[in-house]
Amino acid sequence: MRFSVLASSSKGNATVICGGNTRLLVDTGISATRIRKGLSECGLSIKQIQAVLFTHEHTDHVCGLGQLTKKDPLNIYCTRYMGQELRPIADKSVYTYIEPGSAVQIGIFVLPRFL
């Protein structure tokens, strides 16, 4: 497993996690340009990301989503409530809703209890 923190602060959060053939982006709280650049530095492109997992809807975790999905719809994993907030800015993406307290599997990654 490899991971790279692209940004982590009150000004923006984004992390890429790779294991086997699974590549996840956790949060998109920085500009799409910075996300693409960070992925490139990891040897990846946005087209290689299988899913984006959102931890919560604060701006410092989601602000890059709209620009990021203009050309490349993404598979988004989030709670139903958060999906209602995100759908207007990323309407072409595919949403998988996660119930709080339930286990989630995305590729090889298993999150035993999503909060």
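These numbers come from a predicted model, not from an experiment. (Residues numbered from 1 in each chain as written. Predicted model: local features only at pLDDT ≥ 70, side-chain atom pairs only at ≥ 80, totals over all residues. Heavy atoms only, no water.)

1. Section: the overall build of the chain
- Per the secondary structure count, the chain includes 4 helices and 8 strands.
- Order of helices (α) and strands (β) in the chain, N terminus to C terminus: β-β-β-α-β-α-α-β-α-β-β-β.
- Against the 2.2 N^0.38 benchmark of 13 Å for 115 residues, the chain shows a C-alpha radius of gyration of 13 Å, consistent with a compact globule.
- With respect to the three principal axes, the spread of C-alpha positions in the chain is 35 × 30 × 25 Å.
- With 115 residues in all, the chain has 45% of them scored as buried.
- When contacts within the chain are restricted to residue pairs at least 6 apart in sequence, long-range pairs at least 24 apart make up 47% of them.
- Summed over all atoms, the accessible surface of the chain reaches about 6500 Å², with 52% contributed by carbon and sulfur.
- Positive and negative charge centroids in the chain, built from 13 and 8 side chains respectively, lie 8 Å apart. (Helix = DSSP H or I, 4+ residues; strand = E, 2+ residues; numbered from the N terminus. Rg over C-alpha atoms; globule rule 2.2 N^0.38 Å. Buried < 20%, exposed > 50% of the residue type's maximum accessible area, 1.4 Å probe, protein only. Contact = heavy atoms within 4.5 Å. Areas by Shrake-Rupley, 256 points an atom, 1.4 Å probe, with all protein chains shown as cover. Lys, Arg positive; Asp, Glu negative; His and termini not counted. Charge placed at Lys NZ, Arg CZ, Asp CG, Glu CD.)

2. Focus: helix H1 (residues 32-41)
- When H1 is considered as a whole, its buried residues turn out to be Ala 32, Ile 35, Gly 38 and Leu 39. The arc that holds every buried residue of H1, seen down its axis, measures 125 degrees, which confines them to one face. More than 90 degrees from the buried face of H1, the exposed residues found are Thr 33, Lys 37 and Glu 41.
- Looking at the packing, one finds that the buried side of H1 touches strand E1 (2-9), strand E2 (12-19), strand E3 (22-26) and helix H3 (65-68).
- Gly 43 sits one or two positions beyond H1 and adopts a positive phi of about 80 degrees. (Arc of directions from axis to C-beta.)

3. Thoughts on the pattern of salt bridges
- Counted by the stated rule, this structure contains 3 salt bridges.
- When the shortest N-O distance is used, the salt bridge between Asp 72 and Arg 36 registers 3.6 Å. A residue pair is termed long-range when its members are at least 10 positions apart, and Asp 72 in the loop between H3 and strand E5 (75-78) and Arg 36 in helix H1 qualify at 36 residues.
- Judged by its relative accessible area of 11%, Asp 72 is buried.
- Owing to a relative accessible area of 31%, Arg 36 belongs among the partly exposed residues under this scheme.
- Across the salt bridge formed by Lys 37 and Glu 41, the nearest N and O atoms sit 3.1 Å from each other. Here Glu 41 and Lys 37 lie together in helix H1, a separation of 4 residues that amounts to about one turn. As far as the burial class goes, Lys 37 and Glu 41 line up, both exposed. (Salt bridge = Lys/Arg side-chain N within 4 Å of Asp/Glu carboxyl O.)

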